[in-house]
Amino acid sequence: MSAAPAISPSELHEAAKVSKAWPFEEARKIVARLEKGKETSPTVLFETGYGPSGLPHIGTFGEVARTTMVRHAFERLMPGVPTRLLCFSDDMDGLRKVPTNVPNQEMLAGYINKPLTEVPDPFGTHTSFGAHNNARLRAFLDSYGFEYEFASSTDYYKSGRFDEMLLKVLAKFDEIMEIMLPSLREERQQSYSPILPVSPLTGHVLLVPLVGRDVEKGTVSYVEPGTNETVEVPVTGGHCKLQWKADWAMRWAALGVDYEMAGKDLIDSVKLASRICRALGKAPPEGFNYELFLDEEGKKISKSKGNGLSIEDWLRYASPESLQYFMFQSPRAGKRLYFDVIPRNVDEYLSALAAFPAQDARERLNNAAFHIHHGEPPVEDLPISFSLLLNLVSASHSDDRDVLWGFIRNYAPEATPESHPRLDQLVGYAINYYNDFVKPAKKYRAPTDMERAALADLAAKLSAADAGESAEELQNIVYEVGKAHPFEKLRDWFKTLYEVLLGEEQGPRFGTFVKLYGVAETVTLINRALAGEDLSQA
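An account of the accompanying structure is given in this report. (Residues numbered from 1 in each chain as written. Predicted model: local features only at pLDDT ≥ 70, side-chain atom pairs only at ≥ 80, totals over all residues. Heavy atoms only, no water.)

Regarding its fold elements, the protein chain presents 24 helices and twelve strands. Its C-alpha atoms put the protein chain at 95 × 60 × 45 Å along the principal axes. The 538 residues of the protein chain split such that 52% are buried. Put simply, 69% of the contacts in the protein chain that link residues at least 6 apart link residues at least 24 apart. (Helix = DSSP H or I, 4+ residues; strand = E, 2+ residues; numbered from the N terminus. Buried < 20%, exposed > 50% of the residue type's maximum accessible area, 1.4 Å probe, protein only. Contact = heavy atoms within 4.5 Å.)

Let us now look at the packing of helix α20 (residues 449–464) against helix α21 (residues 471–483). Interaxial distance between α20 and α21 falls to 10 Å at its minimum, and their mutual angle equals 150°. For the element pair α20 / α21, the angle class is roughly antiparallel. In the packing of α20 onto α21, the handedness of the crossing is right-handed. From α20, Ala454, Asp457, Leu458, Lys461 and Leu462 reach across to α21, where they touch Leu474, Ile477, Val478 and Val481. Grouping the constituent residues of the contact of α20 with α21 by class yields seven nonpolar, no polar and two charged. (Axes fitted to C-alpha atoms, helices over the stretch in contact; angles between N-to-C directions. Parallel < 35°, antiparallel > 145°, perpendicular 65-115°, else oblique. Left-handed = near helix turned anticlockwise from the far one by under 90°. Nonpolar A, V, L, I, M, F, W, Y, C, P; charged D, E, K, R; others polar.)

This part takes up the state of the cysteines. Summed over all chains, the structure comprises zero disulfides. Cysteine Cys87 is unpaired, with the sulfur of Cys277 as its nearest cysteine sulfur at 19 Å. Looking at Cys87, the relative accessible area reads 2%, which means it is buried. (Disulfide = S-S within 2.5 Å.)

For the rest of this paragraph, the subject is the sheet that holds strand β2 (residues 83–89). Ordered by their spatial adjacency, three strands build an open sheet running β1-β2-β3, and the pairing between neighbours is parallel. The open sheet has two edge strands, β1 (44–50) and β3 (149–152), and neither has a second partner. When the angles between neighbouring strand axes are averaged without regard to direction, this sheet yields 30°. Taken strand by strand, helix α5 (residues 129–144) contacts β1, β2 and β3, and its axis lies near 130° from that of β1. (Pairing = 2+ DSSP bridges.)

Most peptide bonds are trans, and most residues other than glycine sit at a negative phi. You will see that Asn228, though not glycine, has its phi angle at about 60°, which is positive. Here Asn228 shows up in the loop between β6 (219–223) and β7 (230–234). A positive phi angle, close to 55°, is found at His374, a residue other than glycine. Mapped onto the elements, His374 comes out in the loop between α16 (368–372) and α17 (386–396).

In terms of burial, helix α13 (residues 320–328) is a largely internal element, nine of the nine residues being buried. Remark: Ser330 follows α13 within two positions and exhibits a positive phi of approximately 40°.

For Met327, the position within the fold is in helix α13. Remark: the alpha-carbon pair of Met327 and Ile372, spanning 45 residues in sequence, is separated by 9.6 Å.

Our focus in this paragraph is the pattern of salt bridges. All told, the structure shown has 33 salt bridges when counted by the stated rule. Note that Lys241 and Asp93 form a salt bridge whose closest N and O atoms lie 3.0 Å from each other. Taken together, the residues Lys241 in strand β8 (residues 240–242) and Asp93 in the loop between β2 and α4 (105–109) connect sequence positions 148 residues apart. The class of Lys241 is buried, set by a relative accessible area of 2%. Linking Lys217 and Glu232 is a salt bridge whose minimum nitrogen-to-oxygen distance equals 3.0 Å. Here Lys217 is found in the loop between β5 (212–214) and β6, whereas its partner Glu232 is found in strand β7, with 15 residues between them in sequence. The network of salt bridges with shared partners includes Glu47, Asp90, Asp93, Lys241, Asp247 and Arg251. (Salt bridge = Lys/Arg side-chain N within 4 Å of Asp/Glu carboxyl O.)

Here we come to the nonpolar core. Trp314, Ile408, Trp493 and Leu501 are the most contacted members of the largest nonpolar core, which has 113 residues in total. If we ignore the near neighbours within four places in the chain, the residues touching Trp314 are Ile58, Leu309, Ser319, Ser322, Leu323, Phe326, Leu337, Val341, Ile342 and Asn345. Core analysis: the second largest hydrophobic core is formed by 47 residues, Tyr157, Leu166, Ala262 and Leu280 among them. (Core = buried A, V, L, I, M, F, W, Y, C linked by side-chain atoms within 4.5 Å.)

To continue, consider the sheet that holds β6. Read from one edge to the other, the open sheet built from three strands follows the order β5-β6-β7, with strand pairing classed as antiparallel. Because the sheet does not close on itself, it has two edges, and the strands there are β5 and β7. Pairs of neighbouring strands in the sheet enclose a mean axial angle of 20°, with direction left out of account. Bridge analysis of β5 against β6 gives three bridges, and the strand direction is antiparallel. The partner of Asp214 across the bridge, within β6, is Thr219.

Using the criterion set out here, one finds 27 aromatic pairs in the structure. Aromatic rings pair up to connect Tyr317, Tyr338, Phe339, Phe386, Tyr433 and Phe437 into one cluster. Over the aromatic face of Tyr156 sits the side chain of Arg161, whose NZ or CZ is 4.2 Å from the ring centroid. Note that Lys335 overlies the ring of Phe326, its terminal NZ or CZ placed 4.2 Å from the centroid. (Phe/Tyr/Trp six-rings, centres within 6.5 Å; stacked < 30°, edge-to-face > 60°. Lys NZ or Arg CZ within 6 Å of the ring centre and 35° of its normal.)

Right, let's talk about α5 for a bit. Owing to its 3.6 residues per turn, the α-helix aligns residues three or four sequence positions apart on the same side. With 16 residues, α5 ought to run about 22 Å at 1.5 Å a step, and its terminal C-alpha atoms sit 23 Å apart, in line with that. The set of residues buried in α5 consists of Phe129, Gly130, His132, Asn133, Asn134, Leu137, Phe140, Leu141 and Tyr144. Following α5 by one or two positions, Gly145 has its phi on the positive side, about 95°. (Expected span 1.5 Å × (residues − 1).)

Here we come to the pairing of β7. Side chains of β7 alternate between two faces, with Val231 and Val233 buried and Thr230, Glu232 and Pro234 left unburied. Bridge count between β6 and β7: five bridges; the pairing is antiparallel. The partner of Val220 across the bridge, within β7, is Val233. Here β6 folds back onto β7 in antiparallel fashion, the turn holding six residues, of which Gly226 has a positive phi close to 95°.

Below, the structure written as structure tokens:
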């Protein structure tokens, strides 16, 4: 590994001022906001929002991870300026539909329109469904080590934290309606109200029109469904809840939020909420719109549907840092978030770590590892990639760590689980990923006559090779054998190796695989294929 160049803090600071890495581009918007004159506290407040109507998913984590990257970029640009990250749960929202990925769905159906913190926990582990989902999110964020403060909408409404701004919403009701009504369908316009009463009779968060407003008393009136009685309730103290766009804007204004990002599907909502925030006398936060994550079929990931990957899914097959790497890459570009993206992201993250020490200031600030590890990534340069480990597990048909480490030492004699704990961790991930995804999809095929001749030639050449041949020298042998046989394109030769010997359409640099798996073992594998044996069996 190249020696790390000495880079001073001042050099990094100057590089950060012009860095094209997106967290620094976002952070400079907050710097400009401060320079214009901040209206609230000297602390810069970052916020992420979470709707706990379903179980937390990777998109939720992604918003916290990306916001944290912007926060730390800002701290590099403005050292000494205090910052906070508030993870806000909209847990006072009414349950509008039953999620399809939770137990006791019939029970939940009886609590439609109740605030999520008033809906029983279908898992039976917490005081409410909202509390359960909040705990799931916090447990992961805590386990990863994010620095954040958690906030509950229910707590803020009921404690009076929002009362002053809720009264201002009531006073600005007509102006807010003028902002919102043009965005609604005609039939929705007839019943829309930015203020939603919480029924004293049923506890439901009601989607009903208001029949009266009293700014002086701080109350609104509505007709109670089912009784036709006119009911007057305060807008304060948790007796009302705002519609979500107005709620978003009110929260920005009440808390003085400086930065919040949102999905591309919310571009129009951000514009509306920003106008409402200004109507309440406050500047809306800075932010940007990221592209949505898509599932295996190219559909938007949904908390209530539970499609796509869960946080737990990713962490069965790869490290949290590799997930952070996925989040860092091109946030404005749409990306499939499914199991097959994991190996590439693991290897690209490891490559970023390995490259970091030799990079200059500009390159480091553009490196995902800088943003994942807050400027201080660990020194790592693993001898074997995750993809290669998957092929090793595949060819050896072994999920025994000791057996796999025996192969690894063929390739890197100095490596041990103790000296390379991250590599040992990767071995475990590779075993899980192989058993769950690679093994069920493997499709071996028999070689053609021409391919048989080439494979026999390769086996002979490898058998005659010196035991200490390097991976590059072994790759040259494979390459020369392919050139000596009438493959239309050389990549067809390598495709033959992958399909016949590994049961996959693509694979590793084959010389590296031979060095790792072992020359004698590879020759045996080729001979088994030529003998027509079932290579799916050990």
